[in-house]
Amino acid sequence: MKFAVIGGTGLIGSKVVKKLDADGHEAVPHSKSTGVDVVTGEGLDQAVAGADVIVNLTNSPTFDEAAPVFFRQSMDNLLDAGRKAAVRHFVVLSIVGVDQVPELDYYRAKALQEEILAAGTIPYSIVRATQFMEFVDAILSWTADGDTVRLPATPIQPIAAQDVADAVAVAAAATPLQGIHNIAGPEVFTLDELGRITLAARSDSRTVTTDDTAGMFAVVRGDVLTGKDDASLAPTRYADWLASH
């Protein structure tokens, strides 16, 4: 099959393209760097022409109140281009628990993206993933102050980007779900615990202090960001990922 991978040069997108190509498909990466702008629609018709499947891995440039505007415009443009090209399947990567954290602008925006996709006419699949292992350093940086990193005890279930990409590629090559598939890493940690593990593995002398008011994950209630019984568990454990990064 032929896949138009929108956002195909990013962290997940580049891995999805590689996986689909390795599986014998034709996956073409598209992004601003290849002349495709999902907000203005520039280059979209050409990007999806002849594609069987659209895989949308684009992301809002900000996590604030501008994010819903980005996802609405980009989805409207992509769905329009997809209808004109008669694509048979539209896949989006989202976040486990995204509809359970309305306090966060970005999560509301991703939930809106899902709603727009589900309301469209193109058969679809939504793959929801837990937090990427690759993003832990950024999370630590948000609340770092000198020798101290403040983190809430929010339960998360980190997953490696390669495992996410593999799951997206499998979903994209399969029959449309007309629903959601949850994927998660194999282990649950509290965020403060994960911070301590990360710093220790890197011989970083900073101290993690538990602060349930610190950072964007402080507003998360309970374990909504972890995979529940219906989630497929990825193979990569965090200690093994740390050792290889």
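Definitions and cut-offs
For every chain, the first residue of the written sequence is number 1, and numbering continues from 1 along that sequence. Totals for whole chains, interfaces and linings use every residue, but because this is a predicted model, local features are given only for residues with pLDDT of at least 70 and side-chain atom pairs only at 80 or more, for both listing and counting. Only heavy atoms go into the side-chain values, all of them from the structure, while hydrogens and water stay out. What makes two strands pair is DSSP finding at least two bridges between them. Helix and strand assignments follow DSSP, with helices taken as H or I runs no shorter than four residues and strands as E runs no shorter than two, numbered in order from the N terminus. Contact between two residues is taken to exist if any of their heavy atoms lie within 4.5 Å; hydrogens are not considered. As a rule, the C-alpha atoms of each element are fitted with a line to give its axis, helices using only the stretch in contact, and angles between N-to-C directions run from 0 to 180 degrees. A 1.4 Å probe rolled over the protein chains alone gives each residue an accessible area, and that area as a share of the maximum for its type sets the label: buried under 20%, exposed over 50%, partly exposed in between. Look down the strands so they point away from you; if going from the first strand over the helix to the second traces a clockwise path, that crossover is right-handed. Only one rule defines a salt bridge in this text: a Lys or Arg side-chain nitrogen within 4 Å of an Asp or Glu carboxyl oxygen.

**Q** Looking at this model, I keep getting lost on the sheet that holds strand E9 (residues 180–184). Mind explaining?
**A** Strand pairing in a sheet relies on backbone hydrogen bonds. The paired strands run either parallel or antiparallel. One open sheet accounts for 7 strands, arranged E2-E1-E3-E4-E5-E9-E12; its pairing is parallel. Of all strands in the sheet, those with a lone pairing partner are strand E2 (26–30) and strand E12 (232–233), marking the two edges. Pairing of strand E3 (residues 53–56) with strand E4 (residues 89–95) involves 4 bridges; the strand directions are parallel. Bridge pairing links Ile 54 to Phe 90 in E4. The sheet strands contacting helix H4 (residues 105–119) are E3, E4, strand E5 (124–129) and E9, and the helix crosses E4 at an angle near 160 degrees.

**Q** What should I look at first to understand the pairing of strand E1 (residues 2–6) in this one?
**A** In summary, the side chains of a regular strand alternate between the two faces of the sheet. Counting buried positions along E1 gives 4 out of 5 residues, so the element sits mostly inside the fold. Pairing geometry for E1 and E2, over 5 bridges, is parallel. Residue pairing across strands places Phe 3 opposite Ala 27, the latter belonging to E2. Viewed along the sheet, the connection from E1 through helix H1 (residues 11–22) into E2 turns out right-handed. Summarising the sheet, E1 and E3 pair through 4 bridges and their orientation is parallel.

**Q** Whenever I open this one, the sheet that holds strand E7 (residues 148–151) confuses me. Can you help?
**A** Here 3 strands make up an open sheet; going across it, the order is E6-E7-E11 and the pairing mixed. The sheet is open, and its two borders are formed by strand E6 (144–145) and strand E11 (207–210), each paired with just one other strand. Direction of pairing for E7 relative to E11: parallel, over a ladder of 4 bridges. Residue pairing for E11: Leu 151 is matched across the bridge by Thr 210. Against the sheet, helix H7 (residues 191–201) contacts E7 and E11, and its axis sits at roughly 175 degrees relative to E11.

**Q** How should I be thinking about the pattern of salt bridges in this particular structure?
**A** Pairing is possible between side chains that carry opposite charge, provided their charged atoms lie close to one another. Going through the model one piece at a time under the given rule, you end up with 15 salt bridges. Between Asp 45 and Lys 84 there is a salt bridge, with the nearest N and O atoms lying 3.1 Å from each other. Highlighted residues: Asp 45 in helix H2 (residues 44–48) and Lys 84 in helix H3 (residues 67–85), separated in sequence by 39 residues. Taking relative accessible area as the criterion, Asp 45 reaches 40% and is therefore assigned partly exposed. With a relative accessible area of 55%, Lys 84 lands in the exposed category. Asp 192 is the partner of Arg 196 in a salt bridge, and the nearest nitrogen-oxygen pair spans 3.6 Å. Here Asp 192 and Arg 196 lie together in helix H7, a separation of 4 residues that amounts to about one turn. Asp 192 gets classed as buried once you look at its relative accessible area, which sits at 6%. When salt bridges that share partners are traced, they join Asp 45, Asp 80, Arg 83 and Lys 84 into one network.

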